[in-house]
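These are the residues of each chain, in order.
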Amino acid sequence: MSNPFSLEGKIALVTGASYGIGFAIASGMAAAGAKIVFNDIKQELVDKGLAAYKEAGIEATGYVCDVTNEDQVNEMVKKIEEEIGVIDILVNNAGIIKRIPMIEMTAAEFRQVIDVDLNAPFIVSKAVIPSMIKKGHGKIINICSMMSELGRETVSAYAAAKGGLKMLTRNICSEYGEYNIQCNGIGPGYIETPQTAPLREKQPDGSRHPFDSFIIAKTPAARWLKPEELAGPAVFLASEASNAVNGHILYVDGGILAYIGKQPK
Ligand code: NAP
Ligand code: GCO
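Let me begin by describing the structure that accompanies this report. (Residues numbered from 1 in each chain as written. Chains lettered and ligands numbered in written order. Predicted model: local features only at pLDDT ≥ 70, side-chain atom pairs only at ≥ 80, totals over all residues. Heavy atoms only, no water.)

Among the eight residues of strand S6 (residues 181–188), eight are classified as buried, and the element is accordingly described as predominantly covered. Taking every second residue as pointing to the same face, both faces of S6 are buried, with Ile181, Cys183, Gly185 and Gly187 on one and Gln182, Asn184, Ile186 and Pro188 on the other. The sheet contact formed by strand S5 (residues 138–143) and S6 spans six bridges and is parallel. Residue pairing across strands places Ile140 opposite Cys183, the latter belonging to S6. Traced from S5 through helix H5 (residues 156–176) to S6, the parallel crossover comes out right-handed. Pairing between S6 and strand S7 (residues 249–252): four bridges, direction parallel. (Buried < 20%, exposed > 50% of the residue type's maximum accessible area, 1.4 Å probe, protein only. Helix = DSSP H or I, 4+ residues; strand = E, 2+ residues; numbered from the N terminus. Pairing = 2+ DSSP bridges. Right-handed = clockwise from strand over helix to strand, strands pointing away.)

Our next topic: the packing of aromatic side chains. Tallied over the entire structure, the rule returns seven aromatic pairs. A centroid spacing of 4.4 Å and a plane angle of 40 degrees characterise the contact between Phe23 and Tyr53, whose relative ring orientation is tilted. Placement of the pair is Phe23 in helix H1 (residues 20–31) and Tyr53 in helix H2 (residues 43–55), with a sequence separation of 30 residues. The pair Phe23 / Tyr53 is uniform in exposure class, with both members buried. The interplanar angle of 55 degrees and the centroid separation of 5.5 Å between the aromatic rings of Phe211 and Phe214 together place this pair among those described as tilted. Separated by three residues within a single helix, Phe211 and Phe214 lie in helix H7 (residues 210–218), roughly one turn from each other. Across the ring face of Trp224, the terminal group of Arg200 is positioned such that the distance to the ring centre comes to 5.3 Å. (Phe/Tyr/Trp six-rings, centres within 6.5 Å; stacked < 30°, edge-to-face > 60°. Lys NZ or Arg CZ within 6 Å of the ring centre and 35° of its normal.)

It is worth spelling out helix H3 (residues 70–83) at this point. Residues separated by three or four positions in an α-helix point in the same direction, a consequence of the helix having 3.6 residues per turn. Along its 14 residues, H3 runs 20 Å from first to last C-alpha, staying within 8% of the 20 Å computed at 1.5 Å per residue. Listed in full, the buried residues belonging to H3 are Val73, Met76, Val77 and Ile80. The arc that holds the buried residues of H3, viewed along the axis, is 95 degrees, so those residues lie on one side. Facing away from the buried side of H3 by over 90 degrees, the exposed positions are Asp71, Glu82 and Glu83. Its buried side turned inward, H3 meets strand S1 (11–15), strand S2 (35–40), strand S3 (61–64) and helix H4 (107–135). (Expected span 1.5 Å × (residues − 1). Arc of directions from axis to C-beta. Contact = heavy atoms within 4.5 Å.)

This is the structure:
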């Protein structure tokens, strides 16, 4: 019996994967045999990513593409199909956050977050699904969030986008499952990446950032998670081993959603 977790012979596009969670997921998929393609919004970031993949012994191909721009996305997907092959696995990872109290956030700022975190996964998924249908299979993994389930102060746009991404995941599952396309989400907990670096900055007196302490208390393992800890779940959802899993959001949160939080001593 072949290894159901193998990604040998598969082409994976991971968006926004020069570093952070996208880089970790792409690296895990490469280790499982996938050919890695990624994009970032600027050439220097693509170059930075290519150097990082090379250092990790991974031969990746990078493209400059703003995932919110449908023309750029369609051009990138066309180039990938011509130069590499049909995309078997799509990871909609690229994302931004703006931490602003809602009544202080401009409508333009709100729209910008929705554009990257929700509209872009729609645009990229729409671009890759037709070839997946022709090929007879496909895997789409949307990177959701704790905020697909929970709210918190200052992240209204992000929570709205990630909540919508959960339902977009379920709708792609519903609409394209009959073509052997599985669309699932990964909901990371609190991960040590540049996106959360401001929440972990040491205070002037050397103490933990208050939010850092808050997350430690809300996570059963009392620690932040590492990007690499998302690779295994992503390989599972990208592999044949998950062909009967569809429309599911796999929370990789160390148990945050299950835990009321450490009781005060
Ligand atoms: P990150 O460190 O900020 O990396 C995000 C990546 O997306 C960057 O490479 C960024 O490129 C790229 N990107 C942003 N806008 C783009 C656009 N319009 N077109 C193309 N690429 C774009 O974030 P991360 O922590 O790795 O998070 C990755 C994903 O996981 C995001 O969807 C995030 O919401 C989600 N997530 C993160 C956590 C966490 O705790 N870190 C938890 C749950 C979910 P630039 O550098 O050019 O902006
Ligand atoms: C925040 C964090 C979170 C994480 C992640 C949690 O400001 O609360 O950035 O949103 O990025 O989405 O799952």
